[in-house]
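The lines below spell out each chain.
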Amino acid sequence: MVQCEMCGAETAAPNTVKVEGAELDVCDECADFGTEVRTQESSSASTKYSTDSSGSSSSSSSGSASGGGGSGGSSGGGSRRDMFDEMDELVQDFDQRIRSAREAADMSQEELADQLNEKASLIRKLEHGDHLPSDDVQQKLERALDIELTESGGTDDDADWDSGSAVGEYTLGDVVERKDS
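Parameters and conventions
- Residues numbered from 1 in each chain as written.
- Predicted model: local features only at pLDDT ≥ 70, side-chain atom pairs only at ≥ 80, totals over all residues.
- Heavy atoms only, no water.
- Helix = DSSP H or I, 4+ residues; strand = E, 2+ residues; numbered from the N terminus.
- Contact = heavy atoms within 4.5 Å.
- Pairing = 2+ DSSP bridges.
- Patch = residues over 30% accessible without salt bridge, like charges linked within 9 Å, V, L, I, M, F, W, Y side chains within 5 Å.
- Areas by Shrake-Rupley, 256 points an atom, 1.4 Å probe, with all protein chains shown as cover.
- Salt bridge = Lys/Arg side-chain N within 4 Å of Asp/Glu carboxyl O.
- Buried < 20%, exposed > 50% of the residue type's maximum accessible area, 1.4 Å probe, protein only.
- Core = buried A, V, L, I, M, F, W, Y, C linked by side-chain atoms within 4.5 Å.

### Remarks on the overall build of the protein
1) Next: Scanning the protein from N- to C-terminus turns up 7 helices and 7 strands.
2) Next: When the helices and strands of the protein are listed from N to C terminus, the series reads β-β-β-β-β-α-α-β-α-α-α-α-β-α.
3) Next: Sequence-distant contacts in the protein: of pairs separated by 6 or more residues, those separated by 24 or more amount to 40%.

### Details of the sheet that holds strand E3 (residues 15-19)
Sheet strands associate in pairs through backbone hydrogen bonding, adopting either a parallel or an antiparallel arrangement.
1) Next: Here we have 3 strands laid out as an open sheet, ordered E4-E3-E5, and antiparallel in their pairing. Unpaired on one side and paired on the other, strand E4 (22-26) and strand E5 (35-36) mark the two borders of the sheet.
2) Next: Pairing of E3 with E4, which is carried by 5 bridges, proceeds in the antiparallel orientation. Directly across from valine 17, in E4, lies its bridge partner leucine 24.

### Thoughts on the environment of asparagine 117
1) Next: As for its position among the elements, asparagine 117 is in the loop between helix H4 (109-116) and helix H5 (120-128).
2) Next: In this structure, the C-alpha to C-alpha distance between asparagine 117 and valine 137, residues 20 residues apart in sequence, is 9.6 Å.

### Observations concerning a nonpolar patch on the surface
1) Next: A cluster of nonpolar side chains, contributed by Leu172, Val175 and Val176, occupies part of the molecular surface with about 320 Å² of accessible area.
2) Next: Looking at where valine 176 falls in the secondary structure, it is placed in the segment after helix H7 (172-175).
3) Next: Residue valine 176 is classed as partly exposed on the basis of its relative accessible area, which comes to 47%.

### Here we look at the nonpolar core
1) Next: Ile98, Leu112, Leu126, Leu141 and Leu145 are the most contacted members of the largest nonpolar core, which totals 17 residues.
2) Next: For this core, the secondary-structure elements that each account for two or more residues are helix H3 (94-104), H4, H5 and helix H6 (135-145).
3) Next: Here this core gets 4 residues from one element, more than from any other, and that element is H5.
4) Next: Beyond its immediate stretch of four places on either side in the chain, leucine 126 contacts Phe94, Asp95, Ile98, His131, Leu132, Pro133, Val137 and Leu141.

As structure tokens, this is what we get:
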């Protein structure tokens, strides 16, 4: 018998679920708190999860009913994507964007705060980068200043990068830029 990693109950057949990014073996009662992680069944006992990046047909048949695309990067074969994969992230230079948009609109921090129905001290803290905006304040700022403060969670930074290898594997030479050339 195995113990549930959430509640400690003894269970004969634990379920592997992903809870806030961590994969846990849990009992049936705790399985509802996460996203089911499906393991790929194969004859090899050396690896629990698939490391095949070619998108083999066995992983596409296990989760075709869930509707999750294969670009999630999760080890769940075809299971639904983790909630963190879909979240938008705050841009790194949010403080500069807020300040420059406010100045372009020829507004003081106090005027912007009054328009947003927020405190001027909050605007100061946001522009200095001392405070992250809540979702509500972020939406108010985006509407009032006509700016974008988020970038999509599933960034495709490497999508247009070509390794130059016919096999699709990356080498150190694909990544490193030499200083002497």
